[in-house]
Every structure is written in structure tokens, then in C-alpha cells.
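Survey of secondary and tertiary structure
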Amino acid sequence: MSGGSVLVLGGSSDIGLAIARAFAAEGHDILLAARRPAELAADCADIGLRHGVKARALRFDALEIEAVESFLDGLEELPAIVVCCVGVLGDQPLLEQDPLAAAGVIRANFEGPALVLGALANRFEARGSGVLVGVSSVAGDRGRARNYVYGAAKAGFTAFLSGLRNRLASRNVHVMTVKPGFVATRMIAGLKTPPALTALPQEVAMAVLKAVRRRRDVVYVRRVWWLVMRVICAIPERFFKRLNI
Amino acid sequence: MKLSGWGQFPVVSCTLERPRVQADLQALLARGHGPVIARGMGRSYGDSALNPAMTIDMTGFCRMLAFDPVTGLLEAEAGLLLADIIAAFLPRGWFPPVTPGTRFVTLGGMIAADVHGKNHHRHGSLGNFVEWLDLLGPKGEILRCSRQENPELFARTLGGMGLTGIILRAALRLLPVETGWIRQRTLVQPDLEGVMAAFESSQDATYSVAWIDCLARGNALGRSLLFLGEHARRRELPDRLAAQPFSVPSRRGWSLPFALPAGLLNRYSVRAFNALYYQAGRRALTERLVDWERYFYPLDALAHWHRLYGRRGLVQFQCVIPLASARTGIARLLETIADAGRGSFLAVLKRLGAQESFFSFPMEGYTLALDFPVNDTTLALMQRLDAVTLEHGGRFYLAKDARLARETLEASDARVGSFRDFRRISGAGQSFASLQSGRLSL
């Protein structure tokens, strides 16, 4: 349909599904890529019925970096837009003690997402068009004791996206970085977050949709997060290191 | 958190859970903390969807699962909104076969209340169009229920107010339509005699409903505007509309940001409103095209309209009087209201068709629905209306109820005993309960 299909990597996440729905409502066909695609059958049916578009789920595991090229070869056509929502928060105290668990979080938030978008970037560059959206995090703007493994991986992803954007700017391939801030999803279920700083998945989805249309580069979903992170980043390290935020 | 029905009376502190996957829902039941009640959009008026110990918000289950474009059969999860069904399927030529007065209700909630619409005299209640449903039973088991499979459980779940189990999914047959427009005819009736005669002679009309001036007395008792409606065929639309027959003018929505002072709705303001509304109806064109939104859901345009009734909220009185005694029964109800001077501007009279069911509200006769602000005077008035209803063999709509006495329900409805027995024997009584079922010992 109009505007080509949208591939959502991490399509079973709350943010991924919300983004898929937002694009489907605009008439885009949807591909949801997730580790357990069978569980997305009802969501695909729902997206298809509500919006009269085609919606399918595909098996994809961002940690299987050797399988990325064959996954992309298996797509019927190269999508117009790819949104990567792959990520895991992890349990920081555990990650400090368990290097394998920490490696898993770093790979799921940085290595996997970066490499699949890198592979897609090459194909988009060859085609001469496409939009790549990486959902990163405000946690990547400055490392904090509370979640620095996750934050460091997101910082790496943010830097990777920035480099990709720089490389492809003259190639008609747009790369967008999204920093949602707190989002009321299963990922943070049980955490108490300030309501003014917490967006709904649908809000993230609408922000992404709008930003893709305007070809924005870096998007903080709630604008207040831009200010919050500027303040956090401006605190001198010798004070910052003593803070508990 | 604080929860209430649409009437904002009562407001009760409830533990609210909002599971998103079926396993989590089953786990909530398995915890065995006592009975729970499922809740959709909370559009029942009183305490049908309240349980302080645990109320389960089902709106997380809102996916459409399948649609057959030949038969119009839609399969969906119970938390799906009627509004979403219309948004997705009206552009493809399908409309809900039965609709209540708001589209912000869930599929499961509509089935639990076995809602009726302006076409009840022709098509019956929503249950007629439900092909099957999946019910989560007291032991966490999931049963497919239909007219063939588990037929008794199916029939008792229609109108069972969520007290037979939790409705998970259902299949609803939609109605094919050619346009999003209704041909509305307005018949002005000077009294109750007139409007009831007009209802009887309009039995062929697909939709019929009357707004009734409940403060008019004497010769004008029961003066009404009877609205008849038919789905417009495409060829009946003017050319400028026929090109895009499902696209209707978008409306600006309004919202009442806070509760108005309770005294604002008094006998003078309501009397003035009713008189103006009646006169406006008399001058209006007798036949015109109305879009589906204005026709079926005029009140949806004013979000939080319950705030018109003040901070204490509103109660709705809705009963049905069987055909044989409807003329005297409705007249007595109207006289009682007019004598008390406690009118409501949303007074609705509707002819219902015949219906046999285990626990649903409708039966052949006339139903009268009125809103009142909550206060001691109106609550006392409603008890007098209860007595008039009983005298005339009528019964009450549980989806509107917040205050009926157990004895009144028992006297009005011989089916109560059988419903209680079923709940006891099936085990549903231990697993599913609302404040309403407690009050009425269901």
C-alpha cells in the first residue's frame, strides 16, 4: 500500500506493536519480527482487520548476528521503513555480578540492533532510499549507577545510529534516533515512574510516525526529556558521581 | 483505586487489575482470593462492574481475531470497543446489529448486559447475533459456548452480568449496510395514548424510540417525539453524499470538565428544556437524513455528560412493563414523576419485542428510562417507581441499577431463583461477584 511496508524488529514489544499499529493506520503493510512469531498471530490479525493492510509475523533473533543476512534475503521485498525496538532492561545488581548476563544485555541493546540496522543500511544505500529508526534511550545520554550496563549499550547504539546517519545523509537514506524516556510498558512494570515523564506506547508511536514524516534526526518523545537530559549531562562529574538519580 | 459506574454512584475503592495476556488473567483467578468481577468501559450505571476485593479491567484484551466478509461474522476479544468495530467495519459496509446509546462499551460488557437498541422490537437483543463466546469458568477452565456447545451456559451468560464467568472472546454477526446514514422520521405525539398507538403502528420500522416529556401532566401526559429510522440505501442519498456513502461529517466533541452544581437541574430548568425540545421537534422536518453518529450516539459528543448531574452523580431508573398493563403502568410512572416534579431531560420510551431468556432484561412491552441526580428525594421517588413497576408486572434493568432492593428484584422477576441455583451449582457464585450481585444476593 501507500508508502511501502514497515518492518518492526522487536515486534512483540509494547512499543513495537504500538508503532506497527500507527503505521498500519496510515495504510502501510506491516512485518513484525520477533523471537516467537506464533504469539503475534492475534496481533497480526487485529492489525490487518482494523486497517485493511497486510500484517505478518516473522522469526527474528537480534542475537543471531550470523543469521542477519539470510533473514534479510528471506524478505519478500525490502521494506521502505525499518523500526528497531529490540532491547532488554536487565537487572542492574545482577548484571554487576554476572558477566554473561551483562554481555547478554549489551548484545541485545547494542550489538544486535546495530548490526541488523547496519546490514539494512547497506541494502537501503544500494536501493537509494529508506528510513531506519532506532529506538535507543535517554539512559544512553549519561551513565548512572542505577542502569549503566543498559545505558552504556544504548549509548553505543546511539553513537552507531549517529554515525550511520552521517554516512548515509547524502544517500537519501534517513536514520532517526528515538529516545522515549519512561514508557508505560511491560519492561518497566512494577517501577514507579513520574507521570509527567512517562509516555504511553501509543504516544511514542505517534511521535515516531510524525518524526519519520518530518525526517527528524533525534527525537525525545516528551520534549521535557530533552531538558532533563541536558541538565543531567551538564552536571560536573565530581558532583555527579555522588548523586543518586 | 476509586471506581464507579457511569452514574458516579456509588464510588468505591477497588483493587483493579489489568491483565494483558490470558495466562495472567487465569493466574488472578487461581490466587483464590475470593470472587472477582470483570469490567469493561464501566458504562453500566451503578455497581455491576465493581468489586472492592478485585475488579478485572478487560480492556487489555481488545484484538479483532477474524472476519468473514461473506457472513459478516467478527471474532474478537471481549475488551474490544464497539467504537472500534464501527471505525473498522462501517467503511466496509457493516454495522453493529444492535447498539446501546453509547459506542464506548466493550463487546464483553454488551454481551453480559445483553444490551438492546432501538431495533429491539424487530431484531431482539444483542444475544441474537452472538454466534459463540469463550468463557473463563470458576476453575480457570475455558469453555466454548454457543447454541450447540454448552448451550445453557451460553444462554445464561447472555444477560448474566458477568456472574457466570469471564467472557474472553466472542463472535458477533454484523449487519450489512449501504451507507452511514439513517433516514429519520419524527412523529409528534401530544400524549401517551398517541405515542403508544404510533409505536404499535410503526412495528415495521427498523428503529423506533421516543423522547418523552416526563414533566407534562394532565392532557399532555406522555407527550412525545417518536423517532423512526431506517438505514438509508445508497440510491436514497443525494449525489454529493452518495459518492462516499460511509463518510459522514466529523463532529466537534465537547467535554464537561467538572461536575455542575447539583441544583442546576431542577424542575424549572428541566421543564423549560423539555418544553423547548418538544416545540423544536414539532417544527423540525418530519423526515431527514441523519448520520449514524448523531442518530445512535448523540450523547457521545459530550464526554462526561454525567457531570451535568452534580458531584453526587446520577441514578437511572429503567423498567419494562409488559404489553397488557403498559398503558396504565407507564401512565402511573409518569404521573408519579410529574407529581414529584423531579423530571429528567433524558426520558426515553421504547417498545420492546418478545424475548425469552434466562436473565436478560427485555420482554415484550414498553420500557421507560429516566436519569435523576442522586439525592434523598429522588432515591425515595425511585422506590415509589419500583412499587408501580411491581404492581404492573414489570421488571428492572440491572445494567442501569445502583440501588434496587433484593426483595424488589425477587418480586419482579421469577427467574432470580433459577439464576442463583445455577450460580451455586456451577461454582460461579464462589468465583464471580459484584457489589450488585452481593446487594441482590445473586
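Attention in this report is confined to the structure presented alongside it. This one's a predicted model, so the numbers in the text were calculated from it and none came from an experiment.

Definitions and cut-offs
- Residues numbered from 1 in each chain as written.
- Chains lettered and ligands numbered in written order.
- Predicted model: local features only at pLDDT ≥ 70, side-chain atom pairs only at ≥ 80, totals over all residues.
- Heavy atoms only, no water.
- Helix = DSSP H or I, 4+ residues; strand = E, 2+ residues; numbered from the N terminus.
- Rg over C-alpha atoms; globule rule 2.2 N^0.38 Å.
- Buried < 20%, exposed > 50% of the residue type's maximum accessible area, 1.4 Å probe, protein only.
- Areas by Shrake-Rupley, 256 points an atom, 1.4 Å probe, with all protein chains shown as cover.
- Lys, Arg positive; Asp, Glu negative; His and termini not counted.
- Charge placed at Lys NZ, Arg CZ, Asp CG, Glu CD.
- Pairing = 2+ DSSP bridges.
- Contact = heavy atoms within 4.5 Å.
- Buried area = accessible area lost by both parts, 1.4 Å probe.
- Salt bridge = Lys/Arg side-chain N within 4 Å of Asp/Glu carboxyl O.
- Polar contact = N/O pair within 3.5 Å; in protein donor to acceptor, adjacent residues only side chain to side chain.
- Nonpolar A, V, L, I, M, F, W, Y, C, P; charged D, E, K, R; others polar.
- Arc of directions from axis to C-beta.

**Notes on the overall build of chain A**
If you tally the helices and strands in chain A, you get 9 helices and 9 strands. For 245 residues, the compact-globule estimate of 2.2 N^0.38 gives 18 Å, and the C-alpha radius of gyration of chain A, at 18 Å, lies within 12% of that figure. A burial count over chain A gives 51% of its 245 residues as buried. For chain A, the exposed surface amounts to about 11,500 Å²; the carbon and sulfur share of it is 57%. Of the side-chain charges in chain A, 31 are positive and 22 negative, and the distance between the mean point of each set is 9 Å.

**A word on unusual backbone geometry**
Negative phi characterises most residues that are not glycine, and trans characterises most peptide bonds. All names here are of chain B. With an omega of -5 degrees, the peptide bond between Phe9 and Pro10 qualifies as cis. Among the secondary structure elements, Pro10 is positioned in the loop between strand S1 (2-4) and strand S2 (11-13). Here Asn150, not a glycine, exhibits a phi torsion of approximately 45 degrees, which is positive. Tracing the chain through its elements places Asn150 in the loop between strand S10 (142-146) and helix H5 (151-157). Residue classification places Asn150 among the partly exposed positions, given a relative accessible area of 34%. At Ser441, a residue that is not glycine, the phi angle is positive and equals roughly 50 degrees.

**Regarding the pairing of strand S9 (residues 130-136) of chain B**
All names here are of chain B. Judged by how many residues are buried, S9 sits mostly within the fold: 6 of 7 residues are covered. Bridging between S9 and strand S11 (residues 166-173) involves 6 bridges; their strand directions are antiparallel. Bridge pairing in S11 links Trp132 to Ala171. Of the pairings in the sheet, the one linking S9 to S10 comprises 5 bridges and is antiparallel in character. Considered in S10, the bridge of Leu133 is made with Cys145. Counted between consecutive antiparallel strands, the loop separating S9 from S10 contains 5 residues, among which Gly140 sits at a positive phi close to 85 degrees.

**Details of the interface of chain A and chain B**
At the interface, 10 residues of chain A touch 12 residues of chain B. Together chain A and chain B conceal approximately 870 Å² of surface at their shared face, both sides included; 50% is due to carbon and sulfur atoms. Of all residues in chain A, the largest losses of buried area upon contact with chain B belong to Ala42, Leu49 and Arg50 of chain A, amounting jointly to 63% of the total for that side. On inspection of chain A and its partner chain B, the count reaches 3 salt bridges. Across the pair Asp84 of chain B and Arg50 of chain A runs a salt bridge, and its minimum N-O distance is 2.9 Å. One can count 6 residue pairs in polar contact (both at pLDDT 80 or more) joining chain A with chain B. By residue number, the principal contributor to the side of chain A that touches chain B is helix H2 (residues 41-51) of chain A, which donates 7 residues. Of the residues assigned to the side of chain A that touches chain B, the class counts are 3 nonpolar, 2 polar and 5 charged.

**Some points on helix H13 (residues 416-426) of chain B**
Residues and elements named next belong to chain B. Listing the buried residues of H13 in full gives Val416, Phe419, Phe422 and Arg423. The buried residues of H13 occupy an angular sector of 130 degrees when projected down its axis, which confines them to one face. What points out from H13, more than 90 degrees from its buried face, is the exposed set Arg424 and Ile425. Buried residues along H13 sit against H5, helix H12 (406-412), helix H14 (428-431) and helix H15 (435-439). A positive backbone phi angle near 90 degrees is found at Gly427, which sits one or two residues after H13.

So yeah, pure geometry; function would need other evidence.
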